[in-house]
Amino acid sequence: MAAVARWWRAGLPGLLLLLGARAEQTEEHLKREHSLSKPYQGVGSSSSSLWDLMGNAMVTTQYVRLTPDMQSKQGAVWNRVPCYLRDWEMQVHFKIHGQGKKNLNGDGFAIWYTKDRMQPGPVFGNKDHFLGLGVFVDTYPNEEKQQERVFPYISAMVNNGSLTYDHDRDGRPTELGGCTAMVRNLNHDTFLVIRYVKRRLTIMIDIDGKHEWRDCIDMPGVHLPRGYFFGTSSVTGDLSDNHDIISLKLYQLTVERSPEEEKRDKEVFLPIVDNMKLPGVEAPVEPMSGLALFLIVFFSLVALVFAIVIGVIVYNKWQEQSRKRFY
């Protein structure tokens, strides 16, 4: 396992993920138009740059700092080029550090694949009711009296534009899954990988300094449209941290599909997740078959005729009894 991870560091990205996904892809290509790495030439200052800065984000020679370790800051970096890849893998090299003690730091950062870009808002520095995918590295627990999670915590959410990220419950009602990730104030590199292949969303982390991937989220049936934008954002409130992005590297994954998979993976225009009921999203009602409709109408008519016949018999009996009493 460690040897595979070392090969990945040497230039075979996502190799361990190959093992976790039954070696589905056959080729990987770094897409520089969707990648951000040192020396960050022109980022945020050149019209030819592929990335825009927003808010308090700043560029140094070693990292892009989304927010400094100061209160009430908000920043983001967004790719200018929409992504039309069908299958892809985003590798995120990041660092979160600050002066705050445990549970006195915040708030974390998010990685985005969304229809809209450069729109500040309350969800880790981005707009709410977004269209697309958000992956959240949440470093502060807002929900009281919850015992299941240990923070920092990584979670993911797919939004069709109608859902609200619930800050008070740390996104719990709409999350696809998640895992604990102790990522603050570490002296070694920390990585996160988001992998999207054949409608399957996989998130893994390498945060222990052992060059080994650890499972975090694995969700099939995730439908994401093409033509959305990659970005990452962060926000601080009363609590703060330095949220640094060292690199974002996007790889195109080439995979083989059967005719059935081609039909299943047809183009979509709204982000959805199969067989997952989320608040505010009503499950579609399946249309009634012709046979079922015929049987319902038939038995309804039989019941109606039967009721009429019974009614006539009862009425005639009542009429006879009335005449007998009269005579």
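Here, every reference points to the structure presented above.
So, how was this worked out
- The written sequence of each chain sets the order in which its residues are numbered from 1.
- In view of the model being predicted, local features appear only for residues whose pLDDT reaches at least 70, and side-chain atom pairs are presented and counted only at 80 or more, with totals across whole chains, interfaces and linings using the full set of residues.
- Heavy atoms throughout the structure, all of them, feed into the side-chain values; hydrogens and water do not.
- Only DSSP runs of H or I covering at least 4 residues are called helices, and only runs of E covering at least 2 are called strands; the numbering of each starts at the N terminus.
- Classification of residues uses two cut-offs on accessible area relative to the type maximum, computed with a 1.4 Å probe and protein chains only: under 20% is buried, over 50% is exposed, and between them is partly exposed.
- Contact between two residues is taken to exist if any of their heavy atoms lie within 4.5 Å; hydrogens are not considered.
- We get accessible surface area from the Shrake-Rupley algorithm with a probe of 1.4 Å; when it comes to residues, only the shown protein chains can shield them.
- The pairing criterion for strands is at least two bridges between them, as found by DSSP.
- Lines fitted to C-alpha atoms define the axes, with helix axes restricted to the stretch in contact, and inter-axis angles between N-to-C directions lie between 0 and 180 degrees.
- A 3.5 Å cut-off defines polar contacts: any pair of N or O atoms within that distance qualifies, except that in protein one atom must be a possible hydrogen donor and the other a possible acceptor, and neighbouring residues in sequence count only when both atoms are side-chain atoms.
- Only a pair of cysteine sulfur atoms within 2.5 Å qualifies as a disulfide here.
- Two rings belonging to Phe, Tyr or Trp (six-membered ring only in the last case) form a pair when the distance between their centres is within 6.5 Å. Interplanar angles under 30 degrees mark stacking, angles over 60 mark edge-to-face geometry, and anything in between is tilted.
- Nonpolar cores were defined as sets of buried Ala, Val, Leu, Ile, Met, Phe, Trp, Tyr and Cys residues, with membership established by side-chain atoms within 4.5 Å.
- A pair is scored as a salt bridge if a Lys or Arg side-chain nitrogen falls within 4 Å of a carboxyl oxygen belonging to Asp or Glu.
- Put simply, a patch holds well-exposed residues, over 30% relative accessible area, that have no salt bridge, with like charges counted together within 9 Å and Val, Leu, Ile, Met, Phe, Trp or Tyr side chains within 5 Å.

(A) Representation of the overall build of the protein chain within the structure. A count of helices and strands for the protein chain gives 4 helices and 17 strands. Per-residue burial for the protein chain yields a buried fraction of 46% across its 327 residues. Intrachain contacts of the protein chain at a sequence separation of at least 6 include 72% that bridge at least 24 residues. As presented, the protein chain carries roughly 17400 Å² of accessible surface, and 56% of it is formed by carbon and sulfur atoms.

(B) Representation of the sheet that holds strand E2 (residues 51-55) within the structure. Across the sheet, which stays open at both edges, the 7 strands sit in the order E2-E5-E15-E7-E8-E9-E10 with antiparallel pairing between neighbours. Since the sheet does not close on itself, it has two edges, and those belong to E2 and strand E10 (177-180), each with one partner. Each strand of the sheet is rotated relative to its neighbour by a mean of 15°, with strand direction disregarded.

(C) Region of the structure containing the side chain of Thr 190. For Thr 190, the position within the fold is in strand E11 (residues 190-197). A residue is classified by how much of its surface remains accessible, and Thr 190, at 2% relative accessible area, is buried. Looking at Thr 190, its side chain comes within polar contact range of the main-chain oxygen of Phe 94, at 2.5 Å. Setting aside anything within four residues of it in sequence, one finds Thr 190 in contact with Val 92, His 93, Phe 94, Lys 95, Asp 206 and Ile 207.

(D) A look at the state of the cysteines. Scanning the model with the defined rule gives 1 disulfide in all. The disulfide that involves Cys 179 links it to Cys 216, with 2.1 Å between the sulfurs. Negative torsions about the S-S bond denote left-handed disulfides, and the value of about -100° found for Cys 179 with Cys 216 makes this one left-handed. One end of the pair, Cys 179, is in strand E10; the other, Cys 216, is in strand E13 (residues 214-219), and 37 residues separate them in sequence. Assigned by exposure class, Cys 179 and Cys 216 land together as buried.

(E) Main features of the packing of aromatic side chains. Tallied over the entire structure, the rule returns 12 aromatic pairs. Centre to centre, the rings of Tyr 113 and Tyr 228 are 5.4 Å apart; their planes meet at 40°, and the pair counts as tilted. Of this pair, Tyr 113 sits in strand E7 (residues 108-114) while Tyr 228 sits in the loop between strand E14 (222-223) and strand E15 (229-235); the two residues are 115 residues apart in sequence, bridging distant segments of the chain. Accessibility assignment for this pair places Tyr 113 and Tyr 228 in one class, buried. Between the aromatic rings of Phe 124 and Phe 136, the centroid separation amounts to 5.2 Å while the plane-to-plane angle is 10°, which identifies the pairing as stacked. Residue Phe 124 is located in the loop between E7 and strand E8 (131-138), and its partner Phe 136 is located in strand E8; the two are separated by 12 residues in the primary sequence.

(F) Summary view of the nonpolar core. In terms of nonpolar packing, the biggest core is built from 47 residues, with Trp 88, Leu 133, Val 135, Ile 154, Leu 192 and Ile 194 touching the most fellow members. Among the elements that line this core, the one with the most residues is strand E6 (residues 88-97), at 5 residues. Look past the residues within four positions of Val 135 in its chain and what remains in contact with it is Phe 109, Ala 110, Ile 111, Ile 154, Ser 155, Ala 156, Leu 192, Ile 194 and Ile 203. Of all hydrophobic cores here, the second largest spans 13 residues; its members include Trp 112, Phe 130, Leu 163 and Tyr 165.

(G) A look at the pattern of salt bridges. If you walk through the whole model with that rule in mind, you get 20 salt bridges. Its salt-bridge partner being Arg 80, residue Asp 52 comes within 2.6 Å of it at the nearest N-O pair. Residue Asp 52 is found in strand E2, and its partner Arg 80 is found in the loop between strand E5 (74-79) and E6; the two are separated by 28 residues along the sequence. Here Glu 89 and Arg 195 are joined by a salt bridge, their closest N and O atoms 3.4 Å apart. Of this pair, Glu 89 sits in strand E6 while Arg 195 sits in strand E11, and the two are 106 residues apart along the sequence. Summarising the burial analysis for this pair, Glu 89 and Arg 195 share the class buried. It is possible to trace a salt-bridge network through shared partners that takes in Asp 87, Arg 199, Arg 257, Arg 264 and Asp 265.

(H) Fine view of a nonpolar patch on the surface. Judged by side-chain polarity, Leu 291, Phe 294, Leu 295, Phe 298, Phe 299 and Val 302 come together as a nonpolar surface patch covering roughly 600 Å² of accessible area. Counting through the fold element by element, Phe 298 comes out in helix H4 (residues 290-326). Taking the relative accessible area as the measure of exposure, Phe 298 reaches 41% and is therefore partly exposed.

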